[in-house]
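Architecture and fold: a report
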Amino acid sequence: MPLRALVVLLCLLAPIIQASDELQARLNRIYASDAFQLRRFGPARWIRGGAAFTTVEPSPSVDGADDLVEHDTNTGSRSVILSASQLKPGKDDKPLRIEDYSWDSDAKRLLIFTNSQKVWRSKSRGDYWLFERASGKLKKLGGDKPAKSLMFAKFSPDGSRVAWVSGNNLYVEELETGNIRALTSDGSDTLVNGTSDWVYEEELNVRDGFRWSPDGRNLAFLQFDSSGVQQFSLINNTDSLYPKVTNIPYPKAGTKNSAVRVGVVSVDGKAAGARWLAVPGDARENYVFRMEWMDGNRVTVAQLNRKQNKAVVYLGDAASGAVTPIFSDTDAAWVDVPENGVGLFEPRGFDWLNGRKSFVWLSERDEWRHAYSVPVNGKQPALLTPGDWDVEGVLAADPESRFLYFIASPGNATERYLYRVALDGASAPVRVTPEGRSGVHTYRVSPDCRWAFHTWSQFDRPPVTELISLPDHKTVRVLEENLKLRANAASVTEPAVEFLQVRVADGLTLDGWLLKPRNFDPAKKYPLIVHVYGEPAGTTVVNAWGGDGALFHRALAEDGYLIASFDNRGTPAPKGRAWRKAVYGAVGVLSAKEQTEAVYALARQRAYIDLNRVGVWGWSGGGSNTLNLMFRSPELFRVGVSVAPVPDQKLYDTIYQERYMGLPEENVEGYRMGSPINFAEGLRGKLLVVHGTGDDNVHQQGTEKLVNRLIELGKRFDYMAYPNRTHSISEGPGTSLHVRRLIAEYFERYLPAGAR
């Protein structure tokens, strides 16, 4: 049989491998039932500074619809503000589904976001409806704009107008009259006003690209010019008689970025056109990662250079466009800037202090990620959180600028807790989360810093959300217990996960976790499957509920496998700058080395690990590291499943790849060494590569190049393509179950389970 025909035959074998009946039943329960469905609290919004909050809750009167409910924070009393029956645009219409919402400043008018559709990863385009609390009226915004075409609608400071984006142009709508004024008119496929391009959304979480001035007279906005950015084509072969092609401006490492600038436009039309802030530098060779009004006349702009090793904050005069630098931060590797907000209505700005005379900035200038108070007058920043430990993120500064609340975990990189520090430097930071509650704690603090929504989980403990008071951290009431999930999880989370540490070369210690089969016998040997990520965008060793992914690993463990994961250097664990930035210029090389060493170190600790039966799997960056481990350490890793990998780093986007690897022309050898495609000749074991053909993030292009390379080398492998699925490979009925079953079955076939 010709080699090419053999490869095709092997590719076709992947989906017909049959899992054991027990494993199939476990996977069906996880992915095809509601047994492990996570109930999330909200969406919730604080109103009146924190004296009350609103939530979307299932309606008792209309099946499948929601009510909007107000809760008094202190007393717990509740009242329905907007019932499902009031959400019917017409008498015979179905109630609108509240996907997200926002209030005006005094909680009298409400914007409802519904009928959404995806723009790349986020559902950021849809319809907006206005609800007036006093009259009970419901009105659709946007005039004659097409359905599902509005983005990021937000109230003016006085609540009389709403600005929104449609067709890459900015508009403002008068709520009393319904008059709509276009603030920009040059929007096109390549000129984008008020929103962003693909790479900004993915890597900087910048999508909502405009802000109201405090006096409501102007909008500051981002404009993206993507002309000259090369297009990547996604081909849909299955939805019509002939293929459909979607072109996305996607800048790959070393290629041209969009040109981005900051404009200010009058909402009353008193000033013709936009005034552009004279932020220095080539607009294509710098990134604007944050923008916010400081007052009615000045806009604060944060800029990164192309190599991302220098960040500068500017104050821009809205009238003249002149800018003044007020702060800069540099790093020999990259400046680690926090991403933007977590919701459609929550673009991240600056955490202001002392009546906007200073702002909070996280910096690694002293080798740890610390919070600094930065004066806007250009004076030196003041350290707020001294010590040999990292701040994970800033949550809030109280209105009187007495305390700063932040997340940290000085003693354990796998956990997260709430801390606060006095802003006058009079005392050391103190832990607010009570002792004895190990795990990961997240918070949504009220504007007055008297309350918070607190969610707590552990690896084997599904999340519970409660309302707490601050700063005493007392539980006021439970908001979401996930009782059904907790009951079902109790049946599959035995034996408990073991968090551990292993020592690798140079005396380094890596955190890890280990899952064992239910009837584990330490006198016998078991196969080991390593779940890997290993890149700077995330960690895997965290003591938090992992959802379907963790349950998938539990299903494999129950099948007779040991499952482990390790965080190598270069992952964003709170272990200091040196830990995180040791990977600079060597992504893929360091992770492959330390993941291999970790397995050998664990086997020295645990005699029950069978080093002749070791497998590895990962997704995205974890897919890339799976390839690296299969190619570079074939004597150890016998079976691998690589999902949506980046086989060649030159094929990924500018912001991510250049941040951690430098510019391709300046680090040619680093890009070569970090790309697994260049080491494919090392493959000796069984390899399955999985990719979605509609992946707009990590393009299937790289996997196809890898397939060609493996064919050229005469290597046997398996390959599964999911038509039109994105990076998550989740679209369409049955997809999530199918891909997990495929992975599990591959290990069952080639890495025999069970004790020996």
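What counts and what doesn't
- Residues numbered from 1 in each chain as written.
- Predicted model: local features only at pLDDT ≥ 70, side-chain atom pairs only at ≥ 80, totals over all residues.
- Heavy atoms only, no water.
- Helix = DSSP H or I, 4+ residues; strand = E, 2+ residues; numbered from the N terminus.
- Rg over C-alpha atoms; globule rule 2.2 N^0.38 Å.
- Contact = heavy atoms within 4.5 Å.
- Polar contact = N/O pair within 3.5 Å; in protein donor to acceptor, adjacent residues only side chain to side chain.
- Salt bridge = Lys/Arg side-chain N within 4 Å of Asp/Glu carboxyl O.
- Buried < 20%, exposed > 50% of the residue type's maximum accessible area, 1.4 Å probe, protein only.
- Pairing = 2+ DSSP bridges.
- Axes fitted to C-alpha atoms, helices over the stretch in contact; angles between N-to-C directions.
- Parallel < 35°, antiparallel > 145°, perpendicular 65-115°, else oblique.
- Left-handed = near helix turned anticlockwise from the far one by under 90°.
- Nonpolar A, V, L, I, M, F, W, Y, C, P; charged D, E, K, R; others polar.
- Expected span 1.5 Å × (residues − 1).
- pLDDT = per-residue confidence, 0-100.
- Phe/Tyr/Trp six-rings, centres within 6.5 Å; stacked < 30°, edge-to-face > 60°.

**Some points on the overall build of the chain**
Tallying secondary structure elements over the chain gives 12 helices and 43 strands in all. For a compact globule of 756 residues, the expected C-alpha radius of gyration is about 27 Å, and the chain comes in at 26 Å, within 12% of that figure. Projected onto the principal axes, the alpha-carbon positions of the chain cover approximately 75 × 65 × 55 Å. Here the contacts in the chain between residues at least 6 apart in sequence split such that 59% fall between residues at least 24 apart.

**Some details on the side chain of threonine 693**
Residue position: threonine 693 is located in the loop between β42 (686-692) and α11 (700-713). Among the polar contacts made by the side chain of threonine 693, one reaches the main-chain amide nitrogen of asparagine 724 at a distance of 2.6 Å. Beyond its immediate stretch of four places on either side in the chain, threonine 693 contacts Leu234, Gln700, Ala721, Tyr722, Pro723, Asn724 and Arg725.

**Thoughts on the pattern of salt bridges**
Scanning the model with the defined rule gives 54 salt bridges in all. A salt bridge links lysine 140 to aspartate 127; its shortest N-O distance comes to 3.9 Å. Here lysine 140 is found in strand β8 (residues 138-140), whereas its partner aspartate 127 is found in strand β7 (residues 122-132), with 13 residues between them in sequence. We classify aspartate 127 as buried; its relative accessible area is 8%. Of the charged contacts, one joins glutamate 558 and arginine 518 as a salt bridge, the two residues approaching to 3.2 Å between their closest N and O atoms. In this pair, glutamate 558 is assigned in helix α5 (residues 547-558) and arginine 518 in the loop between β37 (509-515) and β38 (526-531), connecting sequence segments 40 residues apart. Here the residues in one salt-bridge network are Asp331, Glu364, Glu367, Asp390, Arg577, Arg580 and Lys581, joined through shared partners.

**Here's the deal with the environment of glycine 622**
Turning to its location among the elements, glycine 622 is positioned in helix α8 (residues 621-632). Between the C-alpha atoms of glycine 622 and tyrosine 561, which are 61 residues apart in sequence, the distance is 20 Å. The residues contacting glycine 622, other than those within four sequence positions of it, are Val532 and Tyr533.

**So, the sheet that holds strand β22 (residues 310-317)**
Sheets are built from strands that pair by backbone hydrogen bonding, the pairs being arranged parallel or antiparallel. Reading across the sheet, the four strands line up as β20-β21-β22-β23 and stay open at both edges, with antiparallel pairing between neighbours. The two strands at the open ends of the sheet, each matched to only one other strand, are β20 (286-293) and β23 (323-330). The mean inter-strand angle of the sheet, taken between neighbouring strand axes irrespective of direction, is 20 degrees. As paired elements, β22 and β23 share seven bridges and run antiparallel to each other. Bridging across to β23, leucine 315 finds its partner in threonine 324.

**Observations concerning the sheet that holds strand β36 (residues 498-503)**
Strand order across the open sheet formed by eight strands is β36-β37-β39-β38-β40-β41-β42-β43, with mixed pairing between neighbours. Across the chains shown, the open sheet's two edge strands, defined by having one partner strand only, are β36 and β43 (718-722). Averaged over all pairs of adjacent strands, the angle between their axes in this sheet comes to 20 degrees, without regard to strand direction. Two elements, β37 and strand β39 (residues 562-567), share five bridges in a ladder whose sense is antiparallel. Counted as the bridge partner of leucine 514 is alanine 564 from β39.

**Some details on the packing of helix α2 (residues 21-31) against α5**
Between α2 and α5, whose axes approach to 10 Å, the crossing angle comes to 165 degrees. Relative to α5, the element α2 is oriented roughly antiparallel. α5 is crossed by α2, and the crossing has right-handed handedness. Packed against α2, whose contacting residues are Leu23, Arg26, Leu27, Ile30 and Tyr31, the element α5 presents Asp548, Gly549, Leu551, Phe552, Ala555 and Glu558 at the interface. Of the residues assigned to the contact of α2 with α5, the class counts are seven nonpolar, one polar and three charged.

**Thoughts on α11**
With 14 residues, α11 should cover 20 Å at 1.5 Å per step; its first-to-last C-alpha distance of 20 Å lies within 8% of that length. Residues of α11 that are buried include every one of Gln700, Gly702, Thr703, Leu706, Val707, Leu710 and Ile711, and no others. At the exit of α11 stands glycine 714, carrying a positive phi of roughly 75 degrees.

**Examining the confidence of the model for the chain**
This prediction gives the chain a mean pLDDT of 94; 96% of its residues lie at or above 70. Counted against residues more than four places away or in other chains, residues 3-17, with its pLDDT under 50, gives 22 contacts. Below pLDDT 50 for its whole length, residues 340-345 participates in 22 contacts with residues either more than four positions away or in separate chains.

**What to know about the packing of helix α7 (residues 589-605) against α8**
For any two helices packed against each other, one specifies the inter-axial angle together with the distance between the axes. It is at 9 Å that the axes of α7 and α8 come closest, and there the two elements cross at 65 degrees. Considering the relative orientation of α7 and α8, their crossing is right-handed. Taking contact as the criterion, the partners of Val589, Ser591, Ala592, Gln595 and Thr596 in α7 are, on α8, Asn625, Asn628, Leu629 and Arg632. Partitioned by chemical class, the residues of the contact of α7 with α8 number three nonpolar, five polar and one charged.

**A look at the packing of aromatic side chains**
Enumeration according to the criterion identifies 32 aromatic pairs in this entry. Both rings, one in tryptophan 46 and one in phenylalanine 453, keep their centres 4.1 Å apart while their planes meet at 5 degrees; by these two values the pair is stacked. Taken together, the positions of tryptophan 46 in strand β1 (residues 44-47) and phenylalanine 453 in strand β33 (residues 451-458) put the pair 407 residues apart, joining distant regions of the chain. The exposure class of tryptophan 46 is buried, given its relative accessible area of 16%. The exposure class assigned to phenylalanine 453 is buried, which follows from its relative accessible area of 7%. When the centroid spacing of 4.9 Å and the interplanar angle of 25 degrees are considered together, the rings of tryptophan 164 and tyrosine 171 count as stacked. A single burial state applies to tryptophan 164 and to tyrosine 171, both of which are buried.

**A word on the pairing of strand β34 (residues 461-469)**
Where burial is concerned, most of β34 is hidden: nine out of the nine residues are buried. As paired elements, β33 and β34 share seven bridges and run antiparallel to each other. Bridge pairing in β34 places threonine 455 opposite threonine 465. Hairpin connection, β33 to β34: the antiparallel pair is bridged by two residues.

**Some points on the side chain of serine 624**
Locating serine 624 in the fold gives a position in helix α8. Those residues in contact with serine 624 that sit more than four places away from it in its chain are Glu535, Ser642, Pro645, Val646 and Pro676.

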